Amino acid sequence: MKRLCLLLLSLTLFLGACERVPGEQSLSFFAMDTYMDLRIIGGDAALLASLKEKTEALEALFSVTRENSEISVLNRDGHVIPSEDTEAILKKALALCERSGGALDITIYPALLAWGFTGGSFQVLSPAESQELAAKTDYKKLVFTEKGLELPGDMAVDLGAVAKGYTADVLARMLQEAGIQQALLDLGGNILALGTKTDGSPWQIGLRDPAGEGIIGRLSARDEAVVTSGSYERSFQDAAGRRYGHILDPATGRPAESGLLSVTVVGREGLLCDGLSTALFVLGEEGAIALWRASSDFEMILISEDGKMLISEGLQDRFQPGENCPYEKQIIKRNEN
Ligand code: ADP
Ligand code: MG
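Residues numbered from 1 in each chain as written. Chains lettered and ligands numbered in written order. Predicted model: local features only at pLDDT ≥ 70, side-chain atom pairs only at ≥ 80, totals over all residues. Heavy atoms only, no water.

Draft legend 1. The arrangement of the pattern of salt bridges in detail. This model, assessed by the stated rule, comprises 13 salt bridges. Between glutamate 299 and arginine 334 there is a salt bridge, with the nearest N and O atoms lying 3.8 Å from each other. Residue glutamate 299 is located in strand 17 (residues 298–304), and its partner arginine 334 is located in the segment after strand 20 (328–332); the two are separated by 35 residues in the primary sequence. What makes arginine 334 partly exposed here is its relative accessible area of 28%. Linking lysine 308 and aspartate 306 is a salt bridge whose minimum nitrogen-to-oxygen distance equals 3.9 Å. (Salt bridge = Lys/Arg side-chain N within 4 Å of Asp/Glu carboxyl O. Helix = DSSP H or I, 4+ residues; strand = E, 2+ residues; numbered from the N terminus. Buried < 20%, exposed > 50% of the residue type's maximum accessible area, 1.4 Å probe, protein only.)

So this is what it looks like as structure tokens:
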């Protein structure tokens, strides 16, 4: 199965920029540590190449592992004069940190690093060690001043939870400026659907089973982002077989164990959906539902460890669970009774 996937993947990459259906152009490439697949209806190879170039330029600004990115300079020197894109992503990300009550915290990097989620040499930290790192996590200490961005010396920023969403929004804007109204941008599972397919029907987005293989349902999407976060994506196991996921709870400095397997967020903006999917995963079922009820700019699907699939009311007519979906479907209503 793995080999087949690799074969298919290399085939997709090999095909690179090509036409899938008449009038449709596509380009696949690796960036921001993931596979990206851009499909546009209308436009040409040069436009696709400019989208790839912009993605790479944003990665060069935001990457926490590239020595000279603006984020690395900020983390090393404690200050940086941000470019327009860095300023924009940080301001929007900070607003989501605030809105999620700190469940999203872009200053979580010291803890991520210590657990080995950047770099790959994983280790399980003790609760005391994790707590010490949690104490170094506080997005409120990242401030914009006249001199630029300032961050205390022992803190560090990571934009892993929001970079792909922000990038999707930037690419969508470039497409609109180029007069393209139909496209499907897949930035490593961060989907942005513009307009419709060639036949005028909405794009169909498959939802992966967070606990197994295959697709558990399909969502119709049009002019919106669909972003899923889950611990299954990047995780490691200790000697006893216990799994640790790459989404950390800023309150404890440990992988979030909120009872959720995955969170899918649907909304107008890529960055909003990206940031919120991570935040809701940390918050867990109750917290996620409370935040959804207090908001009007997103819908969501939560898959819980105890086998439930909770679908927010606004998606009930356009999410179609698959025949073999193993989860028990429940609709979450706006009003509790
Ligand atoms: P993915 O990047 O796999 O699509 P997410 O959007 O959920 O998944 O982002 C997870 C990434 O965000 C982690 O790899 C890490 O870089 C960072 N991160 C983990 N926990 C948090 C958190 N609580 N707040 C902000 N960023 C986080
Ligand atoms: Mg995210």
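Draft legend 2. Focus on the sheet that holds strand 6 (residues 148–150). Reading across the sheet, the three strands line up as 4-6-5 and stay open at both edges, with antiparallel pairing between neighbours. Each of the sheet's edge strands pairs with one partner strand only, and the pair in question is strand 4 (79–80) and strand 5 (143–145). Note that strand 5 and strand 6 share three bridges and pair antiparallel. When the sheet's bridge partners are listed, valine 143 is paired in strand 6 with glutamate 150. (Pairing = 2+ DSSP bridges.)

Draft legend 3. Quick peek at the pairing of strand 17. Most of strand 17 sits out of view: seven of its seven residues are buried. Because side chains alternate across strand 17, one face comprises the buried residues Phe298, Met300, Leu302 and Ser304, and the other comprises Glu299, Ile301 and Ile303, equally buried. Alignment of strand 17 against strand 18 (residues 308–312), held across three bridges, turns out to be antiparallel. Bridge assignment links leucine 302 to a residue of strand 18, and that residue is leucine 310.

Draft legend 4. Fine view of the layout of surface pockets. The calculated volume of the second largest pocket comes to roughly 210 Å³. As for the second largest pocket, its lining consists of 16 residues, and the residues nearest its centre are Ser231, Arg243, Gly245, Ala256 and Glu305. Those elements that provide at least two residues to the lining of the second largest pocket are strand 13 (243–245) and strand 16 (260–267). Examining the composition of the lining of the second largest pocket, we find that three residues originate from one element, strand 13, more than from any other. Taken together, the residues of the lining of the second largest pocket break down into eight nonpolar, five polar and three charged. (1 Å grid on protein atoms, 1.4 Å probe; cavity = no way out; pocket = protein on both sides within 12 Å on 5 of 7 lines; lining within 4 Å. Points joined across faces, edges and corners; volume = space filled by probe spheres on them. Nonpolar A, V, L, I, M, F, W, Y, C, P; charged D, E, K, R; others polar.)

Draft legend 5. Structural view of the nonpolar core. Ile106, Leu142, Val157, Leu159, Leu175 and Met300 are the most contacted members of the largest nonpolar core, which totals 85 residues. When residues in this core are grouped by element, the largest group, 12 residues, is from helix 8 (residues 270–293). If we skip the residues at most four places from it in the chain, leucine 175 touches Ile40, Leu47, Leu51, Ile180, Ala183, Leu185 and Leu194. Formed by 21 residues, the second largest nonpolar core is a distinct cluster that contains Ala221, Val266, Ile301 and Ile303. (Core = buried A, V, L, I, M, F, W, Y, C linked by side-chain atoms within 4.5 Å. Contact = heavy atoms within 4.5 Å.)

Draft legend 6. Main features of helix 3 (residues 70–77). Burial analysis of helix 3 places six of its eight residues in the buried class, which makes it a mostly covered element. Among the residues of helix 3, Glu70, Ile71, Ser72, Val73, Leu74 and Asn75 are the ones counted as buried. Those residues of helix 3 that are buried lie in contact with helix 2 (45–62), strand 4, helix 4 (84–99), helix 5 (109–115) and strand 6. Glycine 78, located one to two residues past helix 3, shows a positive phi value of around 80°.

Draft legend 7. Inspection of the coordination of the magnesium ion (ligand 2) at higher detail. Bound to the magnesium ion (ligand 2) on the protein side are Ala161 (O), Asp274 (O), Asp274 (OD) and Thr278 (OG1), at distances that span 2.2 to 2.6 Å. Threonine 278 sits in the buried class, given a relative accessible area of 12%. (Donors = N, O, S within 2.8 Å, 3.2 Å for Na, K, Ca; no water.)

Draft legend 8. How the structure looks around the pairing of strand 8 (residues 190–194). Where burial is concerned, most of strand 8 is hidden: five out of the five residues are buried. Here strand 8 shows a buried face lined by Asn190, Leu192 and Leu194 and a second buried face lined by Ile191 and Ala193. Pairing of strand 7 (residues 182–187) with strand 8 involves five bridges; the strand directions are antiparallel. Note on strand 8: the bridge partner recorded for leucine 185 is leucine 192. Hairpin geometry of strand 7 and strand 8 is characterised by an intervening segment of two residues between the two adjacent antiparallel strands and by a positive phi of about 60° at glycine 188. As paired elements, strand 8 and strand 11 (residues 224–230) share four bridges and run antiparallel to each other. When the sheet's bridge partners are listed, leucine 192 is paired in strand 11 with alanine 225.

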